[in-house]
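# Descriptive analysis of the structure
Given next are the chains, with one letter for each unit.
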Amino acid sequence: GVSELTLQNMSVNGQRDVAELEELTRRIKALARNTPDDTVLQTSLMAAATMLTKGAARALGRDLSPVGRRPSTAFKGSLSALRSMRTIRFIGAPFCEGQNLDGADLGPTALREAGLQPLAEMLGWSWEDAGDLDFAAEFERLGFEVSAPHHHPVELYREWVGDSGMQDNFSTWVRRRKGIAPGTLRRTVSHQNPLEALEEEAEPPPKEEVVNAPLIGAGVRLVYESVLASAAAGRFALTCGGDHSIAAGSICALHKVYPDLGVIWIDAHADANTPRTSPSAHYHGMPAAHLLGWFDNGIDGFEWFEPGCLSENRLAYIGLRDIDAEEGRMLRASNVHVFTMREVDKHGIAKVMEMALSAIDPNGFRPLHLSLDIDAVDPHFAPGTGTAARGGLSYREIHYIAEEMAETRRLVGMDLVEINPGLDEAPQRSSMHGDDPNLKPCSPTVQLGVEVALSALGKRIM
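Residues numbered from 1 in each chain as written. Predicted model: local features only at pLDDT ≥ 70, side-chain atom pairs only at ≥ 80, totals over all residues. Heavy atoms only, no water.

## Overview of the overall build of the protein
Rule in force here: Runs of H or I in DSSP of at least four residues are treated as helices and runs of E of at least two as strands, each being numbered from the N terminus. Only protein chains enter the accessibility calculation, which uses a 1.4 Å probe; a residue is then buried when its area is under 20% of its type maximum, exposed when over 50%, and partly exposed in between. Throughout, a residue-residue contact means that at least one pair of heavy atoms, one from each residue, lies within 4.5 Å.
Per the secondary structure count, the protein includes 16 helices and 10 strands. The burial tally for the protein puts 56% of its 462 residues in the buried class. At a minimum sequence separation of 6, the contacts of the protein that also span at least 24 residues come to 74%.

Below is the structure:
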């Protein structure tokens, strides 16, 4: 074992030594978890881990009272302002060009119409709505052809909310009342390779290319710029998609402001393919790999991007259950922390969250970002998403994750993606006891999205 005297006499000089302490702490905690409970050995291991944590804290002049709950003034990149971070900047990112399903671009509108802003304000937050990023204007500026404006489906959605009575789900109402076929609401853009409608799967490009890469790079860059400005101003960046492509922009931006950033990625899918391994060549299955620096080469449109800005040991997945074979091999060979649904089944969500947070941040210092794809939740609770997979997180499990992230008091940003009102069921006709009476009528996946966002912002059962 490691003696108390040795631990007390360890010298810590600079970030390299602190990183070594963190790695040693992580290993000791892993040993303790695999040791029988309440034994002398487990007690000694936990005491050693605590001493290492305190040693790293002293080296960096950080206050640990209690560990992981109160950020100190020694944090870089404005993290010292976390305790007073009480302003949300809502960034609408209606971007779904990383895949070929329509409807996810209505996510930000649906969350607004459901009343997310007043509900967040009731928790004591101030609210700034940055509006929806104007991807169409940016695409036009760069020479992409935009065949239909984004406000067309938004106006239809608002009409469905306000005037239809919501007896049918949104897509059924559009088809019956407006005579618009499914798949034609999507904004289509073209630049050599036009995006296809829902029914018209595009031919994948040659290997090691990405479908519509220049277009996607331009759109994700808008997300990056907006999140960067928000974080630099000390705002909590709540970025709502759209598809999970936007996480490449939001996480890259937050890393600029918070270099020690740790990321909890909640998803049914790892989104860790590369242009070489992806079966579809769609970018929404690649943003994590891009952030981790796994691409063999750069891709057009992403010249502004910083591949590898997210270290492997700063990323933890929870809820994975639909992983491509090559993607799985790369994850197993990496230092990324992966907690599939098997680990959730085996340990329970509380233990998985404890392990995930400890893995990416063993000393409880780092600012954190939550990147949440609603398809991590079982389709029974979240049917309105484009890539649903059976056997997902339960209603309470996804809330527990969000609540624990809020409990750290170090959450600096959140992505909420893949809510697709066009695929969702009709709103429930009657509410249940415990439903927030201030939540406006909305479809079940939109309702869950609002509720989970509120849990991440600090809402509690009591």
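Still more to cover.
## Quick look at the side chain of Thr 239
Looking at where Thr 239 falls in the secondary structure, it is placed in strand β5 (residues 236-241). With residues near it in sequence (within four places) discarded, Thr 239 still touches Ile 91, Ala 93, Val 223, Val 227, Ile 246, Ser 250, Met 414, Asp 415 and Leu 416.

## Regarding the environment of Gly 131
Within the secondary structure, Gly 131 sits in strand β2 (residues 126-132). Taking the C-alpha atoms as reference, Gly 131 lies 9.5 Å from Arg 89; in sequence the two are 42 residues apart. In this view, Gly 131 contacts Phe 90, Ile 91, Gly 92 and Arg 112; residues no more than four positions away in its chain are not counted.

## With respect to the environment of Ile 323
For Ile 323, the location among the structural elements is in the loop between β7 (315-320) and α12 (325-332). Owing to a relative accessible area of 33%, Ile 323 belongs among the partly exposed residues under this scheme. Between the C-alpha atom of Ile 323 and that of Asp 271, which follows or precedes it by 52 residues, the distance is 8.5 Å.

## Some words on helix α10 (residues 246-257)
Counted only if it meets this: Expected span of a helix, by definition, is 1.5 Å for each gap between consecutive residues, and there is one gap fewer than residues.
With 12 residues, α10 should cover 16 Å at 1.5 Å per step; its first-to-last C-alpha distance of 17 Å lies within 8% of that length. Taking burial as the measure, the 12 residues of α10 include 11 buried ones, the bulk of the element. Those residues of α10 that fall on the buried side of the exposure criterion are Ile 246, Ala 247, Ala 248, Gly 249, Ser 250, Ile 251, Cys 252, Ala 253, Leu 254, His 255 and Val 257.

## Section: helix α15 (residues 395-407)
Here α15 contains 13 residues, and its C-alpha end-to-end distance of 19 Å stays within 8% of the 18 Å for a straight helix at 1.5 Å per residue. Where α15 ends, the next residue or the one after it, Arg 409, has phi of about 60°, a positive value.

## Remarks on the pairing of strand β9 (residues 368-373)
Here is the rule: Strand pairing requires that DSSP identify at least two bridges connecting the strands.
Taken across its 6 residues, β9 has 6 buried, putting it largely inside the fold. Pairing analysis gives 5 bridges linking strand β6 (residues 262-266) to β9, with the strands arranged parallel. Directly across from Val 263, in β9, lies its bridge partner His 369. The pairing of β9 with strand β10 (residues 411-417) spans 6 bridges and is parallel. For Ser 371, the partnering residue across the bridge sits in β10 and is Asp 415.

## Notes on the packing of aromatic side chains
Stated formally: Between 30 and 60 degrees the pair is tilted, below 30 it is stacked and above 60 it is edge-to-face, where a pair is any two Phe, Tyr or Trp rings, Trp via its six-membered ring, whose centres lie within 6.5 Å.
On inspection of all chains with the given rule, the structure shows 16 aromatic pairs. Ring centres of Tyr 157 and Phe 170 lie 5.4 Å apart, and the angle between their planes is 65°; this geometry places the pair in the edge-to-face category. A residue pair is termed long-range when its members are at least 10 positions apart, and Tyr 157 in helix α7 (residues 151-163) and Phe 170 in helix α8 (residues 170-178) qualify at 13 residues. Phe 170 sits in the buried class, given a relative accessible area of 2%.

## Some remarks on the pairing of β6
Taking burial as the measure, the 5 residues of β6 include 5 buried ones, the bulk of the element. Residues Gly 262, Ile 264 and Ile 266 of β6 are buried on one face, and the alternating residues Val 263 and Trp 265, pointing to the opposite face, are buried as well. Direction of pairing for β6 relative to β7: parallel, over a ladder of 4 bridges. Within the sheet, the bridge partner assigned to Trp 265 lies in β7 and is Tyr 317.

## Observations concerning the environment of Trp 125
The test is simple: As used in this structure description, the phrase polar contact means that two N or O atoms lie within 3.5 Å; if the pair is within protein, one of them must be able to donate a hydrogen and the other to accept it, and residues adjacent in sequence are counted only when both atoms belong to side chains.
Along the chain, Trp 125 turns up in the loop between α5 (116-122) and β2. Its relative accessible area of 9% is what places Trp 125 among the buried residues. With 37 residues separating them in the primary sequence, Trp 125 and Ile 88 have C-alpha atoms 6.7 Å apart. If near-sequence neighbours (up to four positions away) are discounted, Trp 125 is found in contact with Met 85, Arg 86, Thr 87, Ile 88, Ala 120, Phe 236 and Leu 457. Here Leu 457 takes part through its backbone oxygen, which lies 2.9 Å from a polar atom of the side chain of Trp 125.

## A word on the sheet that holds β5
The condition is simple: Note on geometry: axes are lines fitted to C-alpha atoms, helical ones only across the stretch in contact, with angles between N-to-C directions running from 0 to 180 degrees.
On the basis of which strands lie adjacent, the open sheet formed by 8 strands has the order β2-β1-β5-β10-β9-β6-β7-β8 and parallel pairing. Each of the sheet's edge strands pairs with one partner strand only, and the pair in question is β2 and β8 (337-340). The average undirected angle you get between the axes of adjacent strands in this sheet is 15°. Each of β6, β7, β8 and β9 touches helix α14 (residues 349-360); the most contacted strand, β7, lies at about 160° to it. Sitting on the sheet, α15 is in contact with β6, β7, β9 and β10, with an inclination near 160° to β9.

The values are spatial; any link to function lies outside them.
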